[in-house]
Amino acid sequence: MGMTDVIEVKLVRTNVFTRWDCTVCDGRTEKDAVLCESENMAVRVCPQCLKENDIDGRLEKTAAALEHEASHYPAFGHCEMSVAATALRNAAFMRSLIGRLRVPTYEQWETAENRVWDDAEACSAEQRDDHVDDGPFEWPDDEPF
Ligand SMILES: [Zn+2]
């Protein structure tokens, strides 16, 4: 991944319902069924960031906040693993993403998220009715969100 390449952040389904870190705002997702991630999972964008629709502005803000924080940590020499060094590295990483993230819209995410829950409901209703089990729900590969 070059430093100037556009990074596609795509909607991906997860079966792990937890609050995932957001790269952009340093916050967390809700326990969503659909996440927005880059291919190598280096970047994850929470729905709140999609909703705000100011990815670059938030990256900048979060990076600045980290740098500010880092400047207040006590200096433990030049240890690469120090908390301050880690914060600065994260801030630099965020800045490197500015202008490069191609993200889905909040509406696209919401549609995908709702559909997963609708499907899940339909699926459990089917099981209650004792219908033939078609196997686990498969997320279509070429879903045009
Ligand atoms: Zn976020």
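For the structure, see preceding data.
Residues numbered from 1 in each chain as written. Predicted model: local features only at pLDDT ≥ 70, side-chain atom pairs only at ≥ 80, totals over all residues.

Peer 1: Talk me through the overall build of the chain; I want residue IDs and the actual numbers.
Peer 2: For the chain, the count of helices and strands is four helices and five strands. Scored against the burial criterion, the 145 residues of the chain give a buried share of 21%. (Helix = DSSP H or I, 4+ residues; strand = E, 2+ residues; numbered from the N terminus. Buried ≥ 20, exposed ≤ 12 C-beta atoms within 10 Å, placed from the backbone.)

Peer 1: Account for helix α3 (residues 83-97), naming residues and giving values.
Peer 2: Its 15 residues give α3 an end-to-end C-alpha distance of 21 Å, which sits within 8% of 21 Å, the value for a rise of 1.5 Å per residue. Turning to α3, its buried residues number three or more, namely Ala 87, Ala 91, Met 94 and Leu 97. In an axial view of α3, the angular spread of the buried residues amounts to 115°, which keeps them on one side of the axis. Elements that come into contact with the buried residues of α3 comprise β1 (7-8), α2 (55-72) and β5 (101-102). (Expected span 1.5 Å × (residues − 1). Arc of directions from axis to C-beta. Contact = placed C-beta atoms within 7 Å.)

Peer 1: Describe the sheet that holds strand β2 (residues 10-13), listing the residues and the values that go with them.
Peer 2: An order of β2-β3-β4 is seen for the three strands of this open sheet, with the pairing classed as antiparallel. Only two strands of the sheet have a single partner each, and these edge strands are β2 and β4 (44-45). Strand direction decides the pairing type here: β2 and strand β3 (residues 34-37), joined by four bridges, are antiparallel. In the strand pairing of β3, Leu 11 is matched with Cys 36. (Pairing = 2+ DSSP bridges.)

Peer 1: Just give me the short version of the environment of Val 6, but keep the residues and values in it.
Peer 2: Here Val 6 is to be found in the segment before β1. The exposure class of Val 6 is exposed, given the 10 C-beta atoms found within 10 Å. Once residues lying within four places of it in the same chain are set aside, the contact partners of Val 6 are Arg 100 and Arg 102.

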